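# Observations on the three-dimensional arrangement
Listed below are the residues making up each chain.
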Amino acid sequence: MYRVLVVDDEPIVRLGFKSLLNWEEHNISIEYEASNGKQALEILKNNPNINMVITDINMPIMDGIELIQNIHSLGIELSLVVLSSYDDYELVRQAFKLGIDDYILKHKMKSNEVLALVTRLLSTSKPSNIVSKELSITQLKDAKKNYLRNLLLGKHDSKSNYNNLLNLQISDNKMVVCSVTVDVFSKLEKQYNEGNLISLMNSATNAIEQILIESNNGEVIHLSINEFVVILSFDIPSLLLIRHDIAMVTDKIRSSLQTYLDINVTIGVSSLGNGLKSVHKLLLEAQKNVRLSYLLGKGEIIYPEHTSDIKYIPYKDVLKTSKEMLTALSELDHKKTFEKLNEILNTIKYFEANNIKDLIVEYAKIVVMVNSYILDLDISPEQFLDSNTNIYIILENFETVDEIHIWINDYLEQIFQYINNLNDNSLNPIIRRAKLYIDKNYDKKLTLENICEYLVINESYFSSLFSQNLGITYSNYLTKIRLDQAKKLLKTTNLKVYEICEQVGYSSTEHFGRLFKKHVGMNPNKYRKS
């Protein structure tokens, strides 16, 4: 097995190189990383089994040129490759004068070309046989995974010497476990085929590993398809410093995965435990905390104290409030209808329950009650839902309570507008149908051509008729509906701006932001804080 050290001050470059291909299939291990020449030199002094150094040139503390000079001064024999940018030509030429073997352009890192270069240079050197306890790198990695998995399952052998043997970055001190769970994993499953999804998850593991290498106090394991578990240990007495370190590591993990891999995660953090024997119990606590995302929202870092912030209430009957909501609906009192609806939803939200599924039946009852009401008015729910739709299954597919609240609000809004339009005899029947169609489908790609195909009407005639009836153009009406919904989501949910953008029918966040500022007078983030 050939061993390679990658040196670059940019974590994304190190991660990109490490994730470029499955190196171990080619008898190569990208086993070591450093963020500057000084750090790399220390690694080389302590690991004489390294066969190749791939280094950037422009780095703080000690740059690549100085690193190459020091390697030669110390008489270390290995292959040297420089990572180069567009404007590094003179430095690359200087590096060649110092005896490097080749260079790689960062902006042209193609896996097949990089592999060909690396294998060509390594083929002239002898693979190292220095392996801890006669285990290969692959066997060591497998042994580490098995050890961590057993630790999480509560199978800790206090007499074992695995920490030294497996070169673990955790010790038998104060412990914290974090459950890092991918948000809306089903979206990734649709976006990637199985092979690419596995590669993406491996890249996520590498990204977390990179952060833990820098903090030097943690290990990560990809525990299940959408969950990574981070185990942290601390030998410092100050609880304040421990909390600061936990916050720094978890925030780095969350932001790195989102920035570099477009993976959004929620992180559940356990309380502080004593020793490796506590890891199993801490895992269960971290997993319990991460499940609170159904109440607190996705993308959060959820600490133990957040559980005490949630004030659960015993189950109580919401029938009286439900009747008041239906009365307001019958009177077409929009404000009161939705005040009562959200009073009901927020009551259900804090019923004593272990997870979102325990609440779904209660939410489904509200939808069924509304459907019964409109059936009495000879309005079929199939106007708003497919005939074979199962309400429980729709609600079950949501990951947070806020998403359920949004869906039920939208559903009742469609019904309210439908009833309101039926009572508005001043509108042309075609425009009534158009309004209902827009109110139901504003979140989809809705062009003038689309709606005219649905209505079977000439575009020019429809545009004129729409403006005459509503005093506003079709395009401006659609924009108003979408932005009104966006404003509601900004004030009532923790959804990110790009998620709201998608939910109200825009594919471009930039276009959405420009429209929002033009019509509302401020950008979405400023509106949310106002």
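All of the points below concern the structure found in this document.

What counts, and where the lines are drawn
Residues numbered from 1 in each chain as written. Predicted model: local features only at pLDDT ≥ 70, side-chain atom pairs only at ≥ 80, totals over all residues. Heavy atoms only, no water. Helix = DSSP H or I, 4+ residues; strand = E, 2+ residues; numbered from the N terminus. Buried < 20%, exposed > 50% of the residue type's maximum accessible area, 1.4 Å probe, protein only. Contact = heavy atoms within 4.5 Å. Areas by Shrake-Rupley, 256 points an atom, 1.4 Å probe, with all protein chains shown as cover. Lys, Arg positive; Asp, Glu negative; His and termini not counted. Charge placed at Lys NZ, Arg CZ, Asp CG, Glu CD. Phe/Tyr/Trp six-rings, centres within 6.5 Å; stacked < 30°, edge-to-face > 60°. Lys NZ or Arg CZ within 6 Å of the ring centre and 35° of its normal. Axes fitted to C-alpha atoms, helices over the stretch in contact; angles between N-to-C directions. Parallel < 35°, antiparallel > 145°, perpendicular 65-115°, else oblique. Nonpolar A, V, L, I, M, F, W, Y, C, P; charged D, E, K, R; others polar. Pairing = 2+ DSSP bridges. Right-handed = clockwise from strand over helix to strand, strands pointing away.

## So, the overall build of the chain
A count of helices and strands for the chain gives 25 helices and eleven strands. Seen through its C-alpha atoms, the chain measures out along the principal axes to roughly 90 × 55 × 40 Å. By the burial criterion, 47% of the 530 residues in the chain qualify as buried. Of the contacts made within the chain by residues no fewer than 6 positions apart, 67% connect residues no fewer than 24 positions apart. Element-wise, carbon and sulfur atoms account for 49% of the exposed surface of the chain, whose accessible area totals about 27,000 Å². Of the charged side chains in the chain, 58 are positive and 66 negative; the average position of the first set lies 3 Å away from that of the second.

## Looking at the environment of I451
Its location among the elements puts I451 in helix α20 (residues 448–455). On the basis of relative accessibility, which here comes to 0%, the residue I451 falls in the buried class. Counting along the chain gives 430 residues from I451 to L21, while the straight-line C-alpha distance between them is 47 Å. Once you skip the residues sitting within four places of it in the chain, I451 turns out to touch A434, Y437, I438, F462 and Y474.

## Structural notes on the packing of aromatic side chains
Scanning all chains against the criterion turns up 13 aromatic pairs. With centroids separated by 5.8 Å and ring planes inclined at 40°, the aromatic side chains of Y506 and F512 adopt a geometry described as tilted. Here F512 falls in the buried class, since its relative accessible area comes to 1%. Ring geometry for F516 versus Y527: centroids 5.6 Å apart, planes at 70°, classification edge-to-face. In this pair, F516 sits in helix α24 (residues 509–520) while Y527 sits in helix α25 (residues 524–529), placing the two residues eleven residues apart along the sequence. When sorted by exposure, F516 lands in the same class as Y527, which is buried. Through pairs of rings, three or more aromatic residues link up here, namely F384, W407, Y411 and Y418. When the ring centre of Y303 is taken as reference, the NZ or CZ atom of R243 above it lies at 3.7 Å. The cationic tip of K491 hangs over the ring face of Y527; the distance from NZ or CZ to the ring centre is 4.9 Å.

## Here we look at the environment of S380
Relative to the elements of secondary structure, S380 occurs in the loop between α16 (357–376) and α17 (391–396). Sequence separation between S380 and I57 is 323 residues, and the spatial gap between their C-alpha atoms is 69 Å. When sequence neighbours within four positions are dropped, the list of residues in contact with S380 reads I374 and L375.

## Observations concerning the packing of α16 against helix α18 (residues 401–422)
The interhelical angle for the contact between α16 and α18, taken along N-to-C directions, is 0°, at an axis separation of 12 Å. Considering the angle they form, α16 stands roughly parallel to α18. Here L359, I360, Y363, V367, V370, N371, Y373 and I374 of α16 come into contact with α18, specifically with V401, I404, H405, W407, I408, Y411, L412, I415 and I419. In terms of residue class, the contact of α16 with α18 is built from 15 nonpolar, two polar and no charged.

## Overview of the pairing of strand β1 (residues 2–7)
β1 sits mainly inside the fold: six of its six residues count as buried. Along β1, one buried face is formed by Y2, V4 and V6 and the opposite face, lined by R3, L5 and V7, is buried too. Looking at chain direction, β1 and strand β2 (residues 28–34) are connected through five bridges and run parallel. In the strand pairing of β2, V6 is matched with E33. For the crossover from β1 across helix α1 (residues 11–18) to β2, the handedness is right-handed. By the bridge criterion, four bridges tie β1 to strand β3 (residues 52–56) in an arrangement that is parallel. The partner of V7 across the bridge, within β3, is T55.

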